Amino acid sequence: MARKLLIDTDPGIDDAMAIFYALNSPEFEVIGLTSIFGNAYTEICTQNALRLLEIADRTEIPVAAGADRPLTVEFKGPADFVHGANGQGNANLPAPKIQPINQSAAEFIVDQIKQHPGEVTLAPLGPLTNIALALLLDPTIVDDIHEIVLMGGNAFVPGNASPAAEANILNDPEAADIVFGMQCPITMVGLDVTEKVYMSPEVLDHITSFDNPESQHLAKILPFYHDFFTGRRGEPGIHVHDSTVISYLLDPALFTTVKHPIRVATSGISRGKTWPAVGLADVESPWSGRRDINICVDVNAAKVIEMELDRLK
Ligand code: BDR
Ligand code: CA
């Protein structure tokens, strides 16, 4: 039976790749997309989620609009230098014809989990605000979530949005700290592995050469993302962030993980840093009482890329 997958997303160029990857994987029944700010403002991300479903001809999948700001502070603004002002590489795209549903993302998340107890996997690919809001709306959802596999954080490597923090977590550290404290199975697919999955220009040429609308859309949007990475890394190619969640869900055996509780720093220069409690388990600390997070630390990158190419073709 296909696994029920609810994707919370801020599309975003790599979000688009991940969404197409999931939609092209028969192992999943994608039961909805929920939008969040991050790569662009929430309103734009909602429009992009709708557009991506139209491109993939999957307009039966509902989209619920999410929060437009973090839990306790103002949104510090979109990553337009990475994803373009429209979140889709500034490609000229028509307005979507379909509409979001009449429920907030948090309401929709609670509703789906309660309708299918024990069956829903959450795949957050952006800041964790909607997931935290869903928990605040109904704390009992933790008993009914199958698993959360999220893109975000950096356990043993530097950040990408500050020296300390990864972008999704830094966009709402308070929400992230709530989510990492949830008593349900959580896997963190953070920079520790996503920066090891590197797609060369040759792989990108391949991904954008398939004869399908998804590939043609990626051909329009990926050059912007590629230019950003080339400038930052000083060499061509991209890191594969959000799709790596889908790869983990498809084949966790391709990943090495370690288990530690995580706290998220919410102040000071390490704001947004995901701190694993390594050792000192017997000492009372802010990590005490927290469930272990399954933290991805290594990956068979070649196999992961091969799998994504295979699904996108
Ligand atoms: C994460 O931040 C966003 O820019 C990407 O879509 C990804 O989810 C990587 O740090
Ligand atoms: Ca994202």
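For the structure itself, consult the block above.
Keep in mind it's a predicted model, so treat the numbers as computed, not measured.

The side chains of a regular strand alternate, first on one face of the sheet and then on the other. Most of strand 5 (residues 145-151) sits out of view: 6 of its 7 residues are buried. Pairing of strand 4 (residues 120-124) with strand 5 involves 3 bridges; the strand directions are parallel. Bridged to Leu 122 within strand 5 is Ile 148. After leaving strand 4, the chain enters helix 5 (residues 129-137) and then returns to the sheet as strand 5, a path that is right-handed. In this sheet, strand 6 (residues 186-189) lies alongside strand 5 in parallel orientation, the contact comprising 4 bridges. Each bridged residue has a counterpart across the sheet, and for Ile 148 the counterpart in strand 6 is Ile 186.

On to the packing of helix 1 (residues 13-23) against helix 2 (residues 42-55). The geometry of helix 1 relative to helix 2 is characterised by a closest axis approach of 11 Å and an angle of 40° between their N-to-C directions. By the angle between their directions, the pair helix 1 and helix 2 is classed as oblique. Where helix 1 crosses over helix 2, the handedness of that crossing is right-handed. Mapping the contact onto sequence places Ala 16, Ile 19, Phe 20 and Leu 23 in helix 1 and Leu 52, Leu 53 and Ile 55 in helix 2.

Let's shift gears to the site of ligand 1. The environment of ligand 1 is formed by Asp 14, Asp 15, Asn 39, His 83, Leu 125, Met 151, Asn 160, Glu 166, Ala 167, Asn 168, His 241 and Asp 242. One nitrogen or oxygen atom from the side chain of His 83 is found 3.1 Å from an oxygen atom belonging to ligand 1. Between an oxygen atom of ligand 1 and a side-chain N or O atom of Asp 242, the distance comes to 2.6 Å. Contact with the protein chains covers 94% of the free accessible surface of ligand 1, which is 280 Å². Those elements that provide at least two residues to the shell around ligand 1 are helix 1 and helix 6 (167-170). A per-class count over the shell around ligand 1 returns 3 nonpolar, 5 polar and 4 charged.

Burial within helix 7 (residues 173-180) is extensive, with 7 of its 8 residues counted as buried. Along helix 7, the residues classified as buried are Pro 173, Glu 174, Ala 175, Ala 176, Asp 177, Val 179 and Phe 180.

Analysis parameters
Residues numbered from 1 in each chain as written. Chains lettered and ligands numbered in written order. Predicted model: local features only at pLDDT ≥ 70, side-chain atom pairs only at ≥ 80, totals over all residues. Heavy atoms only, no water. Buried < 20%, exposed > 50% of the residue type's maximum accessible area, 1.4 Å probe, protein only. Helix = DSSP H or I, 4+ residues; strand = E, 2+ residues; numbered from the N terminus. Pairing = 2+ DSSP bridges. Right-handed = clockwise from strand over helix to strand, strands pointing away. Axes fitted to C-alpha atoms, helices over the stretch in contact; angles between N-to-C directions. Parallel < 35°, antiparallel > 145°, perpendicular 65-115°, else oblique. Left-handed = near helix turned anticlockwise from the far one by under 90°. Contact = heavy atoms within 4.5 Å. Near = heavy atom within 4 Å. Polar contact = N/O pair within 3.5 Å; in protein donor to acceptor, adjacent residues only side chain to side chain. Areas by Shrake-Rupley, 256 points an atom, 1.4 Å probe, with all protein chains shown as cover. Nonpolar A, V, L, I, M, F, W, Y, C, P; charged D, E, K, R; others polar.

These values are about where atoms sit, not about what they do.
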